[in-house]
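The lines below spell out each chain.
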Amino acid sequence: MEHEETGMKKAALSLIVILLILSTATSSFAIEMIYRNGKTVTTANARMFTPWSNDLGNGKPLIMLLTSGEQRTIENTVALVNKYGMYDELDINLMCVAFRGTYSVKGWETVAEEAAEYLKPEYEKHPFDIILDCIGNNGYGGFCLAEALNSRGMAVKELNLSSADPEQVTAERIRGTVKKGIRVNLFTASTAYAGQIMDEQQGTGLFRGETVGNVKPSEVLQRAISEKGLHREYTCWDVLPLRNYTALNGTVVRYCLYLPETGQDEGKWPVLIHFHGVSDTMGKLRGPGQLLRTGQISPKGIVILPQAVHGTKDADFHTRTYQDAVIELAQKIAGEYKGDLNRLSVSGHSDGGTAVYQIVNSHPGIFAACAPISGASTTGKGIRETWLWVFQGAKDVWVKPGAGLRTVLKCEAEGCRARHYIYPDEGHEIQTRVFLDTFTDENGNKVRLTDWLMSKELHEKSGP
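Residues numbered from 1 in each chain as written. Predicted model: local features only at pLDDT ≥ 70, side-chain atom pairs only at ≥ 80, totals over all residues. Heavy atoms only, no water.

1. A few points about helix α4 (residues 139-151)
Helix length check: α4, at 13 residues, gives a terminal C-alpha distance of 19 Å against a target of 18 Å (1.5 Å per residue), a fit within 8%. In terms of burial, α4 is a largely internal element, 10 of the 13 residues being buried. Those residues of α4 that fall on the buried side of the exposure criterion are Gly-139, Tyr-140, Gly-141, Gly-142, Phe-143, Cys-144, Leu-145, Ala-146, Ala-148 and Leu-149. Downstream of α4 by a residue or two, Gly-153 has a phi angle that is positive, lying close to 85 degrees. (Helix = DSSP H or I, 4+ residues; strand = E, 2+ residues; numbered from the N terminus. Expected span 1.5 Å × (residues − 1). Buried < 20%, exposed > 50% of the residue type's maximum accessible area, 1.4 Å probe, protein only.)

2. Some words on the packing of aromatic side chains
Enumeration over the complete set of coordinates arrives at 12 aromatic pairs. Centroid distance Tyr-421 to Tyr-423: 5.1 Å. Interplanar angle 70 degrees. Geometry classified as edge-to-face. Three or more aromatic residues link up through ring pairs in this structure, and these residues are Trp-387, Trp-389, Phe-391, Tyr-421, Tyr-423, Phe-439 and Trp-452. The ring centre of Trp-389 lies 4.5 Å from the NZ or CZ of Arg-419, which sits over that ring. The side chain of Lys-456 reaches across the aromatic face of Trp-387, ending 3.8 Å from its centre. (Phe/Tyr/Trp six-rings, centres within 6.5 Å; stacked < 30°, edge-to-face > 60°. Lys NZ or Arg CZ within 6 Å of the ring centre and 35° of its normal.)

3. Observations concerning the side chain of Asp-441
For Asp-441, the location among the structural elements is in the loop between β18 (438-440) and β19 (446-448). At 5.9 Å, Lys-456 is the nearest oppositely charged side chain to Asp-441, a buried residue that forms no salt bridge. At 2.9 Å, the side chain of Asp-441 forms a polar contact with the backbone nitrogen of Asn-443. Among the polar contacts listed, one links the side chain of Asp-441 to the backbone nitrogen of Gly-444, at a separation of 3.0 Å. Other than its neighbours up to four places away in sequence, Asp-441 contacts Trp-389, Arg-419, Val-447 and Trp-452. (Lys, Arg positive; Asp, Glu negative; His and termini not counted. Salt bridge = Lys/Arg side-chain N within 4 Å of Asp/Glu carboxyl O. Polar contact = N/O pair within 3.5 Å; in protein donor to acceptor, adjacent residues only side chain to side chain. Contact = heavy atoms within 4.5 Å.)

4. Observations regarding the pairing of strand β12 (residues 269-275)
Burial analysis of β12 places seven of its seven residues in the buried class, which makes it a mostly covered element. Going residue by residue along β12, you find Trp-269, Val-271, Ile-273 and Phe-275 tucked away on one face and Pro-270, Leu-272 and His-274 tucked away on the opposite face as well. Sheet topology places β12 next to strand β14 (residues 339-349); seven bridges connect them, and they run parallel. Within β14, the residue paired with His-274 across the bridge is Ser-347. In terms of strand pairing, β12 meets strand β13 (residues 302-306) through three bridges, oriented parallel. Its bridge partner being in β13, Val-271 is matched across the sheet by Ile-302. (Pairing = 2+ DSSP bridges.)

5. Focus on the environment of Thr-432
When you line up the elements, Thr-432 lands in helix α14 (residues 431-436). Residues Thr-432 and Pro-288, 144 residues apart in the sequence, show an inter-C-alpha distance of 6.7 Å.

6. Observations concerning the packing of α4 against helix α5 (residues 171-178)
Two elements in contact, α4 and α5, have axes whose closest approach is 11 Å; the angle formed by their N-to-C orientations is 35 degrees. Of the two elements, α4 crosses α5, and the hand of that crossing is left-handed. Listed contacts from α5 to Tyr-140, Phe-143 and Cys-144 of α4 are Arg-173, Ile-174 and Thr-177. (Axes fitted to C-alpha atoms, helices over the stretch in contact; angles between N-to-C directions. Left-handed = near helix turned anticlockwise from the far one by under 90°.)

Next up, the structure:
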């Protein structure tokens, strides 16, 4: 009897060991997915988590971001996306695919099947464009996923590869994918097969190779996305083309220009200059840039958006020479498009908000109104002579709201017309909301900020 019990215990122990081994083997191929549908889903081998609130049924394109190496956990992937702003408020749905276990080439075949199977029911409800983006040495995974999706009737439009391992991304795999009508963009420092395949596909637009060297993956992906036209990228450039102006002092101003609809029969258009903040680089203009692009605001006036493509130091908004060049640009545009320099105003967010105080103070008598948003405040003759409306978030940890309030109180004590608006539950990034919301002006009227700024004229004294 004792022998029988011992044998049963050994058998049970062996079964547990086998199950543990199988469990370990299975989890090494498991994936985690972030997927913009506002819910968390758990399956045998996957955890799908989303911090966003979109739904695949909205018909917007889906970008599937595949990561490996140091980005192989979802937490690292999210940190990477947020750090470089790869998809900041793009008009898309985003799904991140990453290993929960140790990265392996064989594992991508399992991951691809699981991800495609999970996605299929959503696609069948409402088909959407699918774009695959790969970071690190997971190019093999991109081709596996393209195959898995297409075999289930889900059409992949683009496959963008960054630093893909050429040992995995073979010429044969590239050819097989291109033949299915999927555009392959190979952004890699090791383009072993790029030239050969490019020659074959010359003129078809289905393959492109580019050596990027030390370029950041986020910049490569941003460029890859912006050149495809599969969805509306979050930038003013697609609707408001990036332009260059060289001022008399030699300063080059890169800018986007919004012109109102034609049909102005009653005089000239007011002109607004808006400076973006540090976080709104590479063309991703939030605030008025976003709203103008999407048609959410259509001000009856000209909007000039100076653009620092690689950061505000690239334009150096805070120098007198740059600010002189911007005013010169405004004068040029006003002359070309019936602009009214008597109704010239300026706004800006964060670093750009600070630039508002600086340019108004250094050019007194030029601006009719100004609206610094989350900017470090300063007083001066220009501010005292200009209609001033300061906007801040009460929870802003970068620019404390008290500084702006002190400027407004000091300005009011000196007789000028200054206003202060605080969002009690917002932090630093309020630029889009400020231009979308309506406010009560000094006359009790409901207005949007662009309308208020453009309504002011220099002969309306705002100060003593």
